[in-house]
Amino acid sequence: MKILKTYFIFLSFLFAFGCNKNETDQEKDEKDTTTPPDPIAENSPIESSFFATAYIEQKSTYDPASDGDLWPSAWANDDILYSANGDGKGFNLNAEWSDIVFNKISGNPENENIIGERIASGNQLGQVWSDPAFFNRKPTGLTAVDGTLYMAVQDLVSEGPNIFNEVPSATILKSDDKGETWEWDQNRPMFTNHNFTTIFFLDYGKGGGDNIFDEYVYAYGMDNNWRDSFSDVVPDPTELYLARIPNDEVLDISKWEFYTGNLDGSDSWSAPGMLEERQPVLVDEERRYSNSNNFSVISQGSVVYNKAVDRYIYTSWTEYTFEFYEAPKPWGPWKLFLSKDFGPYPWTDTNFGGYATTIPSKFISNDGKKMWVSSSTFTGGVEYYNMSFRKLWVSLHDENQSPENNKNNQNLAFSPDLTEVAPITAGGVENSDLTIINDNELDQEICSKRADNRVNNYWGYTFAKPYKFNEVTYHTGEISSNGGWFKNLRVQVRQDFEWVDVENTQISPDYSYDMEVESDAEYQLKFDEIWGDGIRIIGIPGGSTSFTSIRELEVFYK
């Protein structure tokens, strides 16, 4: 999918170096707006309270030598990870380009020793059902049932004004020899008319062995397109569907049973083959950047069962964000636990998102608290068009915990463990990684970047357990007429997953709320004692380009 979309061709030339950004008058006007954020869509899942913290790296940190995108994967019974890519060369950079490539992979991103081998490509991996002048094949899902592999392949528009914006058909392929050869019904696709045509399988671990509950393969499906249809040639996907299939009948559409239950997790299933009776397991009509791009949030990603924490995790995305959901069952109820905004283009090598987010079960830690997320990107000024990995850390919320910390001079935010203390901000950052705000050093600064439709910018933390607080120390970065300072500033803590203002805040020295705020200065914000499992400073960013800067944010109970 290595093609620039029309609406961001010019954005690739608008690079911002450091924190002293320069923008057009139009962009300045857009940033200075005080219009409040859009209300939450009527049909969107509630925020999850399962994870106390969730932190994902601002960039990929391991990039094995490979070429392509999408990378659905399956961990087979031979302990090999198998993965397919679209539009590239896969794990053989000397091979010919293909619209679809199948690979076998050994190693682990934790040890930075991944080695891959390309074993099939092109017409070995299905056929194009639509007009080949305008469509090609894309892998969307892969699963292993003991030693058998199943792969979902769709037709995606590859040329013309609707490029990447329509998926009319899809089918399933089967391999009994670990991807060397594949079989499928060559007479007709299994799914047509834009229905259930983006398919990804539930990843139940090595050979599907973590499914101790039943004898089914689970397949999630989306209608119309694999993500927001930028040209609106088809409706944007806002619903995620689910089917279950007997383990040995995956190629037989007449054996597929489709979810017909509700969104609250009460499951029921259609008679075999009754696609038209399907009901969604997840509906999210929320939009990101609705005042400009209006991205829908349901996209091709992956669903993995994290056995250690007994949770199903769906990794979705938009052009500028990651959108991650969790559920106690394959059918829900699904709740949003992380919306990570990387900001609009241009991106930099220290801050970028990606598309087709997947979590291979093979790379989940034994305690389930660290996962590796794969995604690709080639837009907005950066190129990581490979099987690119970054880490995701989580901790579990315990509603029965109470704050037990005593008054002392300990900086509660200082911790190298990202499951215990997770830095947070409203959008993307520039210059460095977000973790510098709690590294106990003042040698680096970072700056905020425009975030969705938010008026406010914030810097802060969520914690794996609650604490008592009464003070934060904010170390500013560079201040100029362009920005770096807050027009107003307050402190909030998170209680029961709601952010509330602290009371009686006193700032020392005085904070002027304009460009007279000192660069590289220390401001103490003291307030009445309060408890919470998150804390942040928040306000409207100032300056001609509306951003804030920071070197460190310390948190105390003194």
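Remember, it's a predicted structure, so these values are computed and weren't measured experimentally.

Colleague: Looking at this structure, how should I read the overall build of the protein?
Modeller: On a plain count of helices and strands, the protein comes out with one helix and 33 strands. For 558 residues, the compact-globule estimate of 2.2 N^0.38 gives 24 Å, and the C-alpha radius of gyration of the protein, at 24 Å, lies within 12% of that figure. Referenced to the eigenvectors of the C-alpha coordinate spread, the extents of the protein come out at roughly 75 × 50 × 45 Å. Taking all 558 residues of the protein together, the buried fraction comes to 61%. Split by element, the accessible area of the protein, about 21,400 Å² in all, is 44% carbon and sulfur. Seen as two clouds, the 44 positive and the 88 negative side-chain charges of the protein have centres 2 Å apart.

Colleague: Explanation requested: the sheet that holds strand 7 (residues 135–145) in the structure shown.
Modeller: By definition, the strands of a sheet pair up through backbone hydrogen bonds, in either a parallel or an antiparallel sense. Read across the open sheet, the three strands follow the order 7-8-9; overall the sheet is antiparallel. Bordering the open sheet on either side are strand 7 and strand 9 (170–175), each of which pairs with just one other strand. Neighbour-to-neighbour, the strand axes of this sheet turn through a mean angle of 25 degrees, independent of strand direction. In the sheet, strand 7 pairs with strand 8 (residues 148–157) via 10 bridges, with the strands oriented antiparallel. Looking at the pairing, Thr143 lines up with Tyr150 of strand 8.

Colleague: Which parts of the structure should I look at to understand the pairing of strand 10 (residues 198–203)?
Modeller: When a strand is regular, its side chains alternate between the sheet's two faces. Of all six residues making up strand 10, six are buried, and the element is well covered by its neighbours. Here strand 10 pairs with strand 11 (residues 216–222) via four bridges, running antiparallel. By the bridge assignment for strand 11, Thr198 is matched with Met222. In the sheet, strand 10 pairs with strand 17 (residues 302–306) via two bridges, with the strands oriented parallel. Each residue of the ladder has a partner; that of Asp203, found in strand 17, is Val304.

Colleague: What is the right way to read the sheet that holds strand 25 (residues 429–430) from this model?
Modeller: Overall, antiparallel pairing links the three strands, which are arranged 25-26-32 in an open sheet. Each edge of the open sheet is held by one strand with a lone partner, namely strand 25 and strand 32 (549–550). Sheet topology note: the strand 25/strand 26 (residues 446–448) ladder contains two bridges and is antiparallel. Opposite Glu430, over in strand 26, you have Cys447 as the bridge partner.

Colleague: Honestly, the nonpolar core in this entry has me stumped. Any pointers?
Modeller: A general tendency of soluble globular proteins is for nonpolar side chains to be buried together. With 39 residues, the main nonpolar core has Ile535 and Ile537 as its most contacted residues. If you list the elements that add at least two residues to this core, you get strand 24 (421–425), strand 27 (457–475), strand 28 (490–495), strand 31 (522–539) and strand 33 (552–556). By residue number, the principal contributor to this core is strand 27, which donates seven residues. Excluding residues within four positions of it along the chain, Ile535 makes contact with Trp459, Gly460, Tyr461, Phe463, Phe469, Val472, Val491, Gln492, Val493, Trp499, Phe527 and Val555. Grouped together as the second largest cluster of nonpolar side chains are 36 residues, Ile56, Ile364, Phe378 and Val394 included.

Colleague: Please explain a negative patch on the surface as it appears in this structure.
Modeller: On the surface, a cluster of negative charge is contributed by Glu47, Asp398, Glu399, Asp496 and Glu498. Within the fold, Asp398 resides in the loop between strand 23 (384–396) and strand 24.

Colleague: Even after reading the chapter, I still don't get the environment of Trp256, so can you show me in this structure?
Modeller: Position of Trp256 relative to the elements: it lies in the loop between strand 12 (239–246) and strand 13 (257–258). For the pair Trp256 and Pro246, spaced 10 residues apart in the sequence, the C-alpha separation amounts to 7.8 Å. There is a polar contact of 2.9 Å between the side chain of Trp256 and the backbone oxygen of Val250.

Colleague: So what exactly am I meant to see when it comes to the environment of Met151 here?
Modeller: Here Met151 shows up in strand 8. As a C-alpha pair, Met151 and Gly141 span 10 residues in sequence and 5.6 Å in three-dimensional space. Contact partners of Met151, with chain neighbours within four places excluded, come to Ala84, Ile100, Phe102, Leu125, Pro139, Gly141, Leu142, Thr171, Ile172, Leu173, Trp182 and Phe201.

Colleague: Would you take a moment to explain the pairing of strand 24 for this structure?
Modeller: Within strand 24, five of the five residues are buried, which leaves it mostly tucked inside the rest of the structure. Neither face of strand 24 is left uncovered, since the one carrying Val421, Pro423 and Thr425 and the one carrying Ala422 and Ile424 both have all their residues buried. As judged from the five bridges shared by strand 24 and strand 27, these two strands associate in the antiparallel manner. What sits directly across from Thr425, in strand 27, is Trp459.

Colleague: How should I be thinking about the side chain of Thr357 in this particular structure?
Modeller: Counting through the fold element by element, Thr357 comes out in strand 21 (residues 355–358). Each residue touching Thr357, except ones within four places of it in the same chain, is listed here: Gln300, Gly301, Ser302, Thr315, Ser316, Trp317, Phe322, Phe324, Val373, Ser374 and Ser375.

Colleague: Would you take a moment to explain the side chain of Gln495 for this structure?
Modeller: Inspection of the secondary structure assignment puts Gln495 in strand 28. Exposure remark for Gln495: the relative accessible area of 19% places this residue in the buried category. Of the polar contacts made by the side chain of Gln495, one reaches the backbone oxygen of Trp531; its length is 2.7 Å. Once you skip the residues sitting within four places of it in the chain, Gln495 turns out to touch Val500, Ile530, Trp531 and Gly532.

Colleague: In this structure, what is going on with unusual backbone geometry? I would like to understand it.
Modeller: Excluding glycine, residues mostly carry a negative phi; peptide bonds, for their part, are mostly trans. Of note, the amide linkage connecting Tyr345 to Pro346 takes the cis form, showing an omega dihedral of 5 degrees. At Asn504, a position not held by glycine, the phi torsion is positive, near 60 degrees. Among the structural elements, Asn504 can be located in the loop between strand 29 (498–501) and strand 30 (506–508).

Colleague: Could you clarify how one ought to interpret the packing of aromatic side chains in this entry?
Modeller: Describing an aromatic ring pair means giving the distance of the ring centres and the angle of the ring planes. Taken as a whole and judged by the stated rule, the model has 50 aromatic pairs. Seen in terms of ring centroids, Tyr218 and Trp331 are 6.4 Å apart; in terms of plane orientation they differ by 45 degrees. Their pairing is tilted. On the criterion of sequence distance, the pair formed by Tyr218 in strand 11 and Trp331 in the loop between strand 19 (321–327) and strand 20 (335–341) is long-range, its members being 113 residues apart. Neither Tyr218 nor Trp331 differs from the other in exposure class; each is buried. Every member of this aromatic cluster is reached through a ring pair, and the members are Phe50, Phe51, Phe230, Tyr289, Phe295, Tyr320, Phe322, Phe324, Phe337, Phe342, Tyr345 and Trp347. Sitting above the plane of the Tyr241 ring, Arg278 keeps its charged end 4.8 Å from the centroid.

Thresholds, definitions, all that
For every chain, the first residue of the written sequence is number 1, and numbering continues from 1 onward in sequence order. Totals for whole chains, interfaces and linings use every residue, but because this is a predicted model, local features are given only for residues with pLDDT of at least 70 and side-chain atom pairs only at 80 or more, for both listing and counting. The side-chain values count all of the structure's non-hydrogen atoms but skip hydrogen atoms and water molecules. A run of H or I in DSSP becomes a helix once it reaches four residues, and a run of E becomes a strand once it reaches two; helices and strands are each numbered from the N terminus. Restricting the calculation to C-alpha atoms gives the radius of gyration, and the globule rule supplies 2.2 Å times the number of residues raised to the power 0.38. Exposure classes here rest on a 1.4 Å probe applied to the protein chains alone. A residue is buried below 20% of its type maximum, exposed above 50%, and partly exposed in between. Exposure was quantified through the Shrake-Rupley algorithm and a 1.4 Å probe, taking into account, for residues, occlusion by the shown protein chains and nothing else. Residues counted as positive are Lys and Arg, residues counted as negative are Asp and Glu, and His and the chain ends are not counted. Every charge is mapped onto a representative atom, which is NZ of Lys, CZ of Arg, CG of Asp or CD of Glu. Note on pairing: two strands pair once DSSP finds at least 2 bridges between them. Between N-to-C directions, angles cover 0 to 180 degrees, with each direction set by a line fitted to C-alpha atoms, over the stretch in contact for helices. Definition used in this section: a nonpolar core is a set of buried Ala, Val, Leu, Ile, Met, Phe, Trp, Tyr and Cys residues joined via side-chain atoms within 4.5 Å. Residues count as neighbours in contact if any of their non-hydrogen atoms are within 4.5 Å of one another. Patch membership needs two things, relative accessible area over 30% and no salt bridge, and members are linked within 9 Å if like-charged or within 5 Å if nonpolar (Val, Leu, Ile, Met, Phe, Trp, Tyr). We define a salt bridge as a contact between a side-chain nitrogen of Lys or Arg and a carboxyl oxygen of Asp or Glu at a distance within 4 Å. Two N or O atoms form a polar contact when they lie within 3.5 Å of each other; inside protein one atom must be a possible hydrogen donor and the other a possible acceptor, and for residues adjacent in sequence the pair counts only when both atoms belong to side chains. Between 30 and 60 degrees the pair is tilted, below 30 it is stacked and above 60 it is edge-to-face, where a pair is any two Phe, Tyr or Trp rings, Trp via its six-membered ring, whose centres lie within 6.5 Å. Only when the NZ atom of a Lys or the CZ atom of an Arg is both within 6 Å of the ring centre and within 35 degrees of the ring normal do we say a charge sits over the ring.

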